[in-house]
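# Structural characterization, general
Okay, here's what each chain looks like letter by letter:
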Amino acid sequence: SQQGEEDPQALSIQEGENATMNCSYKTSINNLQWYRQNSGRGLVHLILIRSNEREKHSGRLRVTLDTSKKSSSLLITASRAADTASYFCATDEGTNAGKSTFGDGTTLTVKP
Amino acid sequence: EAGVAQSPRYKIIEKRQSVAFWCNPISGHATLYWYQQILGQGPKLLIQFQNNGVVDDSQLPKDRFSAERLKGVDSTLKIQPAKLEDSAVYLCASSLISGIYGEQFFGPGTRLTVL
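A brief report on the enclosed structure follows.

## Overview of the pattern of salt bridges
Summed over all chains, the structure comprises six salt bridges over all chains. We note a salt bridge from E53 of chain A to K56 of chain A, for which the minimum N-O separation is 3.9 Å.

Have a look at this one:
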């Protein structure tokens, strides 16, 4: 069953702009992770945020988590053409620690 | 450090045939996952192993899919017989620990086309 749902489904921006993607989920979670997938490097883990954290940074990535709204956002600042990819959120739920449920992703296109 | 290895990378078969995929996880990773990713969708967990024991196979179509992880290292996923709707990319992932902080490392996947 699908837990996370990303919004928007597709996003197209110019290089240098910021990109924001959102993820909503239904049940309580232990943590939420963001992954990137492109044809060159496959599926790659970007960042993990725990349920007791509200914000996390990694380079040009900023992730927020609002457990009261059951939502998370991924912000990519100063985007580059190389950021073109699909971005997925994955939630780890309470019943099976280590089991990640993925959404269907946001496809980001960064135009040079 | 070597990543997760999968083979073959591509496979084309006709419906009702059988197919097997192989995965070699990162050395020392106790947890191994098989996912099915249909075009335009996110990965869907098929089965999760902790060492050589099954942790979760609730979404594995057991009438046609089987998986094993002998000796807690390599794993194989088999489909017998294949259906058209099995056309997808099959991803293998591994993590060092099973738990709430285990980052998963993914292999390149096997793209299966069923004709």
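What follows continues from the structure just given.
## Considerations on the pairing of strand 11 (residues 110-114) of chain B
Residues and elements named next belong to chain B. Burial along strand 11 is one-sided: the residues T110, L112 and V114 are buried and none of R111 and T113 is. Where strand 2 (residues 10-13) and strand 11 come together, four bridges link them in parallel fashion. Looking at the pairing, Y10 lines up with R111 of strand 11. Here three bridges tie strand 9 (residues 88-95) to strand 11, and the two strands are oriented antiparallel to one another. Note that in strand 11 the partner of Y90 across the bridge is T110.

## Here's the deal with the sheet that holds strand 3 (residues 19-24) of chain A
All names here are of chain A. Read across the open sheet, the five strands follow the order 1-3-8-7-6; overall the sheet is antiparallel. Two strands in the sheet have a free side with no partner beyond their single neighbour: strand 1 (5-7) and strand 6 (55-58). On average, adjacent strands in this sheet sit at an angle of 20 degrees to one another, irrespective of strand direction. In this sheet, strand 8 (residues 71-76) lies alongside strand 3 in antiparallel orientation, the contact comprising six bridges. Following the sheet pairing, C23 is matched in strand 8 by S72.

## Quick word on the environment of L74 of chain A
Residues and elements named next belong to chain A. Mapped onto the secondary structure, L74 falls in strand 8. The sequence separation of L74 and E53 amounts to 21 residues, and the corresponding C-alpha distance is 14 Å. Not counting the four nearest positions on each side in its chain, L74 is found in contact with A19, T20, M21, W34, L46, L61, R62, V63 and Y87.

## Notes on the state of the cysteines
If you walk through the whole model with that rule in mind, you get two disulfides over all chains. Across a sulfur-sulfur distance of 2.0 Å, C23 of chain A and C89 of chain A are joined as a disulfide pair. Handedness here is read from the sign of the S-S torsion; for C23 of chain A and C89 of chain A, about 65 degrees, the answer is right-handed. With a gap of 66 residues between them, C23 of chain A in strand 3 and C89 of chain A in strand 9 (residues 85-93) connect regions that are remote in the sequence. Note that C23 of chain B is cross-linked by a disulfide to C92 of chain B, the S-S spacing being 1.9 Å. Residues C23 of chain B and C92 of chain B share a disulfide whose torsion about the S-S bond is about -70 degrees; that sign makes it left-handed. Taken together, the residues C23 of chain B in strand 3 (residues 19-24) and C92 of chain B in strand 9 connect sequence positions 69 residues apart. There is no split in this pair, since C23 of chain B and C92 of chain B are both buried.

Rules behind the numbers
- Residues numbered from 1 in each chain as written.
- Chains lettered and ligands numbered in written order.
- Predicted model: local features only at pLDDT ≥ 70, side-chain atom pairs only at ≥ 80, totals over all residues.
- Heavy atoms only, no water.
- Salt bridge = Lys/Arg side-chain N within 4 Å of Asp/Glu carboxyl O.
- Buried < 20%, exposed > 50% of the residue type's maximum accessible area, 1.4 Å probe, protein only.
- Helix = DSSP H or I, 4+ residues; strand = E, 2+ residues; numbered from the N terminus.
- Pairing = 2+ DSSP bridges.
- Axes fitted to C-alpha atoms, helices over the stretch in contact; angles between N-to-C directions.
- Contact = heavy atoms within 4.5 Å.
- Disulfide = S-S within 2.5 Å.

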